[in-house]
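Here is what each chain is made of, one letter per residue.
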Amino acid sequence: MMKSLILETATKLLFPLLLMFSIFLFLRGHNDPGGGFIGGLVGAAAFALFAISSGTDKARKLLRINPTFMIGLGLFFAILSGVISVMAGTPFLTGQWAFPVVFGADLSLGSPILFDIGVYLVVVGFTLAVIFSLEEEG
Amino acid sequence: MSVLVAVLLGFVVAVFAPWISRLLKDSAGWALAIVPAGLFAYFASFLPLIASGETFRESTPWVPYINIHFSFYIDGLSLLFALIISGIGTFIVIYGGGYLKGDRDIARFYLSLLMFMGSMLGVVLSDNLLTLFIFWELTSFTSYLLIGYYHEKAASRRAALQALLVTGTGGLAMLGGVILMALAGGSMEITELVNEADVIREHGFYIAILILVCAGAFTKSAQFPFHYWLPAAMEAPTPVSAYLHSATMVKAGVYLLARFNPILGGTDWWLWLVTGFGAVTMVVSAWLALSFTDMKRVLAYSTVMALGTLVMLIGMGHPYAMQAMVVFLLGHSLYKGALFMMAGSVDHEAGTRDVLLLGGLRKVMPYTFAFGTIAALSMAGIPLFLGFIGKELVYEAALGFSPAPVLIIIAAVLANIALVASSGIVIIRPFFGEFKETPKHVHEAPVSMWIGPAVLGVLSLVFGFLPFLLSDYIMVPAASAVAGVPLEFYLAIWHGINLPLILSVVTLLGGILVYKAWDNLRGSVMPGYKTAFATLPEAAYDFSLNSMLSVAYWQTLLFQSGNLRYYVMTIVGFTVLLVGYPLVSKAGIYIPVDWSDIHFYEWLLAGLMIAGVLAAATARSGLIAVISLGVVGYSIALIYLLFSAPDLAITQMLVETLTVILVALVLIKLPGVPREPSPVGRARNIVIAVSAGLMVTLTLFAAFTVPFDPFMAGYFTENSYVIAHGRNIVNVILVDFRALDTLGEITVLAVAGVGIFALIKLHNAVKQAKEEGKI
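All figures in this text were calculated on a predicted structure; none of them were measured in a lab.

Novice: Quick question: what am I supposed to make of the overall build of chain B here?
Specialist: Along the backbone of chain B there are 33 helices and two strands. Each principal axis of the C-alpha distribution contributes one length, and for chain B these read about 110 × 65 × 50 Å. Just so you have it, chain B exposes about 34500 Å², and 72% of that area is on carbon and sulfur atoms. In chain B, 39 side chains carry a positive charge and 43 a negative one; their mean positions are 13 Å apart.

Novice: Can you walk me through the overall build of chain A in this structure?
Specialist: Each helix and strand counted, chain A has five helices and four strands in total. Beginning at the N terminus, the succession of helices and strands in chain A can be written as α-α-α-α-β-β-β-β-α. Along the first, second and third principal axes, the C-alpha set of chain A runs to 55 × 35 × 25 Å. For chain A, the residues scored as buried account for 47% of the 138 residues in total. Summarising the internal contacts of chain A: among those between residues at least 6 apart in sequence, 61% fall at separations of at least 24. Split by element, the accessible area of chain A, about 6800 Å² in all, is 73% carbon and sulfur. Looking at chain A, you have 7 positive and 8 negative side-chain charges, and the mean spots of the two groups are 10 Å apart.

Novice: How do you make sense of the pattern of salt bridges when you look at a structure like this?
Specialist: Pairing is possible between side chains that carry opposite charge, provided their charged atoms lie close to one another. Residues and elements named next belong to chain B. Under the defined criterion, the tally for this structure stands at 17 salt bridges over all chains. Two residues, D75 and R259, come together in a salt bridge whose shortest N-O distance is 2.9 Å. Of the two residues, D75 is situated in the loop between β2 (68–74) and α5 (76–99) and R259 in helix α14 (residues 251–264); the sequence distance between them amounts to 184 residues. Of the residues examined, R259 reaches a relative accessible area of 6% and is grouped as buried.

Novice: Explanation requested: the nonpolar core in the structure shown.
Specialist: Generally speaking, a soluble globular protein has its nonpolar side chains buried in company with each other. Grouped together as the largest cluster of nonpolar side chains are 210 residues, with contacts concentrated most on F43, L125, W229, F260, L264, M325 and M475 of chain B. Looking at this core element by element, the count peaks at 19 residues for helix α17 (residues 319–350) of chain B. Leave out the neighbours within four places in its chain, and M475 of chain B touches L80, V326, V327, L330, L470, F489 and L491 of chain B. The next biggest cluster of nonpolar side chains, apart from the first, holds 27 residues, and it includes L25, L93 and F126 of chain A together with A750 of chain B.

Novice: Teacher, can you tell me more about the pairing of strand β1 (residues 56–63) of chain B here?
Specialist: Along any regular strand the residues' side chains alternate between the sheet's two faces. Where β1 of chain B and β2 of chain B come together, seven bridges link them in antiparallel fashion. Bridge assignment links S59 of chain B to a residue of β2 of chain B, and that residue is S71 of chain B.

Novice: Explain the pairing of β2 of chain B to me, please; I cannot follow it from the model alone.
Specialist: With respect to burial, β2 of chain B is a largely interior element, seven of its seven residues being buried. Turn length for the β1 of chain B-β2 of chain B hairpin, with the two strands adjacent in sequence and antiparallel, is four residues, and the turn residue N67 of chain B shows positive phi of about 60°.

Novice: Honestly, the interface of chain B and chain A in this entry has me stumped. Any pointers?
Specialist: By a frequent convention, interface size equals the accessible area lost on bringing the separate parts together. Taken together, the contact pairs 40 residues of chain B with 41 residues of chain A. In this assembly, chain B packs against chain A so that about 3700 Å² is buried in total across both faces, 75% of it on carbon and sulfur atoms. Sorting the residues of chain B by area buried against chain A places L658, H725 and V735 of chain B first, and these three jointly supply 15% of that buried surface. Across the contact surface, chain B and chain A share one salt bridge. With its nearest N and O atoms 3.2 Å apart, the salt bridge here joins E136 of chain A to K761 of chain B. Where chain B packs against chain A, one counts six residue pairs in polar contact (both at pLDDT 80 or more). Counting only elements with at least two residues in the side of chain B that touches chain A, the list comes to α29 (646–669), α32 (729–737) and α33 (739–771) of chain B. It is α33 of chain B that provides the largest number of residues to the side of chain B that touches chain A, a total of 17 residues. Along the lines of polarity and charge, the residues of the side of chain B that touches chain A split into 24 nonpolar, 10 polar and six charged.

Novice: Please explain unusual backbone geometry as it appears in this structure.
Specialist: One can expect most non-glycine residues to show negative phi and most peptide bonds to be in trans. All names here are of chain B. In this model, F224 is joined to P225 through a cis peptide bond whose omega is 0°. Counting through the fold element by element, P225 comes out in the loop between α11 (206–220) and α12 (229–232). The phi dihedral of K25 is positive, around 50°, even though this residue is not glycine. In this model, H725 sits at a positive phi of 55°, which is unusual for a non-glycine residue.

Novice: Any chance you could explain a nonpolar patch on the surface here in plain terms?
Specialist: Residues and elements named next belong to chain B. Residues V551, W554, L558, F559, F574, L578 and V579 make up a contiguous nonpolar surface patch of about 730 Å² in total accessible area. Counting residues per element, the ones that place at least two in the nonpolar patch are α25 (526–559) and α26 (564–587). The leading source of residues in the nonpolar patch is α25, at four residues.

Novice: Help me out: how do you make sense of the side chain of D75 of chain B in this one?
Specialist: Residues and elements named next belong to chain B. A relative accessible area of 5% places D75 in the buried class. Engagement of the side chain of D75 in a polar contact is seen with the side chain of R259, the distance being 2.9 Å. Contact partners of D75, with chain neighbours within four places excluded, come to I50, T55, R259 and A481.

Novice: Explain the side chain of S333 of chain B here, please?
Specialist: Residue and element names in this part refer to chain B. You can see S333 is positioned in helix α17. Separated by 3.1 Å, the side chains of S333 and K251 make a polar contact. Aside from chain neighbours lying at most four places away, what touches S333 is I84, I88, A247 and K251.

Novice: What is the right way to read helix α31 (residues 711–722) of chain B from this model?
Specialist: In an α-helix, one turn spans 3.6 residues; hence positions three or four apart end up facing the same way. All names here are of chain B. Between the first and last C-alpha of α31 there are 17 Å, a value that for 12 residues agrees with the 16 Å anticipated at 1.5 Å per step. Every buried residue of α31 is accounted for by F716, N719 and S720. Here the buried residues of α31 occupy an arc of 120° about the axis, which is enough to place them on one side. Away from its buried face, by an angle of more than 90 degrees, α31 presents the exposed residues F711, T717, E718 and V722. The inward-facing, buried residues of α31 abut α32.

Novice: Help me out: how do you make sense of the confidence of the model for chain B in this one?
Specialist: For residues with low pLDDT, the predicted coordinates do not support detailed interpretation. Confidence in the prediction of chain B, expressed as mean pLDDT, is 89, and 99% of residues score 70 or more. Quick note on the complex model: pTM equals 0.76, ipTM equals 0.92.

Novice: What should I look at first to understand the packing of aromatic side chains in this one?
Specialist: The description of an aromatic ring pair rests on the distance of the ring centres and on the angle between the ring planes. Residues and elements named next belong to chain B. This structure, assessed with the given rule, holds 33 aromatic pairs over all chains. A ring pair is formed by F46 and F56, whose centres lie 5.2 Å apart and whose planes are at 55°; its orientation type is tilted. A residue pair is termed long-range when its members are at least 10 positions apart, and F46 in the loop between α3 (34–44) and α4 (47–51) and F56 in strand β1 qualify at 10 residues. Take F56: its relative accessible area is 27%, and that puts it in the partly exposed class. A cation over an aromatic ring shows up here: K220 above the ring of W136, its NZ or CZ 4.9 Å from the ring centre. The aromatic ring of W518 is capped on one face by R522, whose charged end is 4.2 Å from the ring centroid.

Novice: Is there a simple way to think about the environment of T575 of chain B in this case?
Specialist: All names here are of chain B. Tracing the backbone shows T575 in helix α26. Judged by its relative accessible area of 35%, T575 falls in the partly exposed class. In the structure, T575 is positioned 117 residues away from A692 in sequence and 8.0 Å away in space, judged by C-alpha atoms. The contact partners of T575, leaving out residues within four places of it in the chain, are G580 and M695.

Novice: Got a minute to help me understand the environment of T248 of chain B in this structure?
Specialist: Residue and element names in this part refer to chain B. Within the fold, T248 resides in the loop between α13 (238–247) and α14. According to the relative accessible area criterion, T248 is buried, its value standing at 1%. Expressed as a C-alpha distance, the spacing of T248 and M295, which sit 47 residues apart in the sequence, is 20 Å. When residues no more than four places from it in sequence are discounted, the contact partners of T248 are I85, F116, M120 and Y243.

Novice: Mind showing me how you'd approach α14 of chain B here?
Specialist: All names here are of chain B. Taking 1.5 Å per residue as the helical rise, α14 with its 14 residues ought to reach 20 Å, and the 19 Å between its terminal C-alpha atoms agrees with that figure. For α14, a buried count of 14 out of 14 residues is recorded, marking the element as mostly surrounded by other parts of the structure. G266 occupies a position one or two residues after α14 and carries a positive phi of about 90°.

Rules of the game
Residues numbered from 1 in each chain as written. Chains lettered and ligands numbered in written order. Predicted model: local features only at pLDDT ≥ 70, side-chain atom pairs only at ≥ 80, totals over all residues. Heavy atoms only, no water. Helix = DSSP H or I, 4+ residues; strand = E, 2+ residues; numbered from the N terminus. Areas by Shrake-Rupley, 256 points an atom, 1.4 Å probe, with all protein chains shown as cover. Lys, Arg positive; Asp, Glu negative; His and termini not counted. Charge placed at Lys NZ, Arg CZ, Asp CG, Glu CD. Buried < 20%, exposed > 50% of the residue type's maximum accessible area, 1.4 Å probe, protein only. Contact = heavy atoms within 4.5 Å. Salt bridge = Lys/Arg side-chain N within 4 Å of Asp/Glu carboxyl O. Core = buried A, V, L, I, M, F, W, Y, C linked by side-chain atoms within 4.5 Å. Pairing = 2+ DSSP bridges. Buried area = accessible area lost by both parts, 1.4 Å probe. Polar contact = N/O pair within 3.5 Å; in protein donor to acceptor, adjacent residues only side chain to side chain. Nonpolar A, V, L, I, M, F, W, Y, C, P; charged D, E, K, R; others polar. Patch = residues over 30% accessible without salt bridge, like charges linked within 9 Å, V, L, I, M, F, W, Y side chains within 5 Å. Expected span 1.5 Å × (residues − 1). Arc of directions from axis to C-beta. pLDDT = per-residue confidence, 0-100. Phe/Tyr/Trp six-rings, centres within 6.5 Å; stacked < 30°, edge-to-face > 60°. Lys NZ or Arg CZ within 6 Å of the ring centre and 35° of its normal.

Quick look at the structure:
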C-alpha cells in the first residue's frame, strides 16, 4: 500500500470508470474486440489499483467475494455451460441458443456467455488472489 | 433383482454404513449383516439352475464403444465363490461389530468392508475382462484401507502399503495380460474367449499372457516369493484377516487361474509354471508356520500353504485335481475363517495371541474352544471333517500327476504334516494345559464373536459327514467350470483302504511327532529356515523399495535445486533441445531472402525491442530489467495492432500492465537479483538465451515454408455469425468453437492461482510461526 493523496483521489475517479469499462469490454466481446479475458484483466486492474492506494483490507471488503472462491466459481460456470449442452443432448460445450424478444429488442442469448462469465471470474480471481497475497506478504 | 444390483449393493450400502453405525451403535453389525445374508440367499437361488448344468449370463453396457460391459456370468465356479464371499461375509460383519465394539472408527470398518465385499463379488462374477480388472483393483484398494485400519500404528501403515504395492504391481501386470488375451482372442468376454482357447494357446502372445496373468494371480494369492505381504497384513483387525486373508481376497488369484484354466491351461508352460509355484509355496510356507508363536501368523502361513495347494492343483489340470481344488477351497474357507475368528476372540478377551503366553482357556472360553476345535480338526484333516475329504482328494490328485507323481506326493505329505502340527499349535497350546495369567481378565467372548466360528465349524462337520449335499449342487458344476468340460463324480466319506488313506495316517502321525518336537524345532532349525524363506524375500522387497526411493531422492535433488535460475535454465534448455532437434533434422533451416516489404516503422519497432532486450539482460537492478522487458512487451502489442489484431493487442497491453504491477510487488520484497558471478556461468546463460531466441525465430521462418491452409480460417469466418451468432471471430473461437481449449487454459490458471496463493500464505505462516518461536 502506498500512502498518497494523489493516488487515492485519482483512484476514486478511476475505479468506477475501470469497472464500467471492464463490463463494457466483456459485453462487446461477442461482436467487437473484448471478451471475458480482456474484461477480466481490466476488472482485476481496477481492484489492484484500489488495493495499492487504499490497502488490501478495504479492497477485499469492496470485492466481497474471496478471490480464490471466484476462481472456483468461474470454473463452475464454465463447466456448467458445457453441462447444459450435454443436457440438451449435444456434445460437451456446444453452444445453446435462445432468441427472446425483450421490450421489443431481439436478443440472442447463448450458453457461451455463461462460459465467458466463467473465464472473466477465473481471470479476476487469479490476478487478485496473487496480487492481494503478495501485497499482504509481510 | 439382477446380478448387477447384487454386485453394486455392497457399494451402495457402504455409503450409508457410517450413518447406520451411528444410529444403531452396537447392534449395527447385526443389522448390516442382513446385506451379505440377503446376497447369500439370492445367490443360493441359482443353485438349482447351476446343478442342472446350466449357466446364467447378463450384460449391461457400460462403455460400449470400447467393449466394456457390466457383464456377469454365473457358473459353478463363480457361484461357489459368491456363496463363500457372501456367506462368510455375513458372519464377519457380525463378528466385526463385536470385535471393534466401541472403536471410534468402526463406521469406517463397515464402509470399507462392504465395499470390499462388493468388489470381491465383482471379481468372481465379471465376464468382461476390463470390468474384472477394475473390481480386482478395487479389492486391492479396499484391502489397503482395511489392513491399515489402525492407521496410527506404523506397522499397520507399512503392512497396508506393502500389500497395496505387491498386489497393485501384480494387478498392472495382469491388466497387460488380459489386454493381450483380448487382442489374441478377439473378445473381452471370458465366455467368448473360452471358444478361442486354441487360437490363444497357439498365439505369439501366449507366453507373455501367461507370465503376466500369473504375475497378477501369484502376487494376489501370496505365492512364494511374493508371500511375505500376507503374514505382514496380520496387522489388520482380526475380522479383516478372517475375511480377506483366508476366505476371499487372497483367493482372487486362485479364482483367476481357475477361471483362465480352460483358456490358458493344458500347455507344458502352464503345467510347470503354475504347478511349480504352487508346490513350492505349499511346502515352504507350511513349515514357516511353525516358526511363529503368534496364532495369527501361524494361521497366515498355513493360509499361504493352502493357497499354494490350490494353485498347484489348478496347474495339474486333470479331473481329480479340479475336484480336489474345489473341495479343498470350500473346506479351507470354512475352517480358516472360523480359526481366524477364534484367534481374534482369544486376543480380544485375553489381550495376547502368543501361544506361549496362553494356556488352559478351555474352561473360561468354552464356546470359542469347542467351535475352534472343530475347525482345527478339519484343518488337520481328521476323518469325518470336510478337511479330510479335501486332503484325500489332494493326495489322489498328486498321485495322478503323471509327470512327477513322487515329487508332488512327497511335497504334499510334507506340507500336510506341518499343517497338522499348526492345528495343534493353535488349539492345544492356548486351550489345554494349565491356566496362565493373561494381560486381560479372560472371559467368554460375546455371542456375536462365536456365532461365526460356530456356523462355519459345524458346516465343516456337516459337509464332512454328508458330502453328497455338496457334490451335485455345487462341487460338480464348479469343478466342471474349472476344467472347461463337464465332469462326473460324487464325494464320499469312505473310499476304502487305499494309498491316500495310508498317506493320511502317515501325515497324522508325522504331524503329532512334529508337534511334540515343536519347542525343540523352534530353538534349533526354525530361525535359520525363517531367515531364508520369510525374512529374505521381504528384505528384497525393502531393498527394491528403498532403491526406488533413493533414485527418486537423487533425481529430485538434481532437478529441484530451489534456485529459480536453474529451473529456468532446465526448462528453456530442454525446450530448445526438444524443439530444435526435430526442427533442424525434419524441417531444415530456412532463412527468408525477401525483406523488401518490411516498412521502416516495423524496423523501428524491431530495433526498439532489441534495445529493450539488451537493456534487460545487462540491467544492474531488477526494476530496470522489468521496465526494459515492458518496452519489449508494448512493442509486441504495437506489432499486433499493425497487423490488425486488436484483440491480441489489447490483451498484450493489459497483461504487460498487470505483469509490471505483479513484478513490482515482488521486487519490493526481494533482496535484489544477484548477477551470475562467474564468467563461465554468464557465457552459459548467454548460450542458452541466444539459442532459445534462435530456435523460436527459426521455427517461425520454417512455418513460412508450409503453405497456409485457409480451411479453418475460412470455416471460422463463414460460420462465426451463422452458427455462433458473434461477429468477433477471435472471441467466438475462444468461448464457442474451441471452448474446450479455453476450459483447459482457465483450469491451468486456476490451479496455478491456488498454488501461488498457497505458497505465499504458507511462507507467511512459517515466518509467523518462527517469529512466535514455535519452530
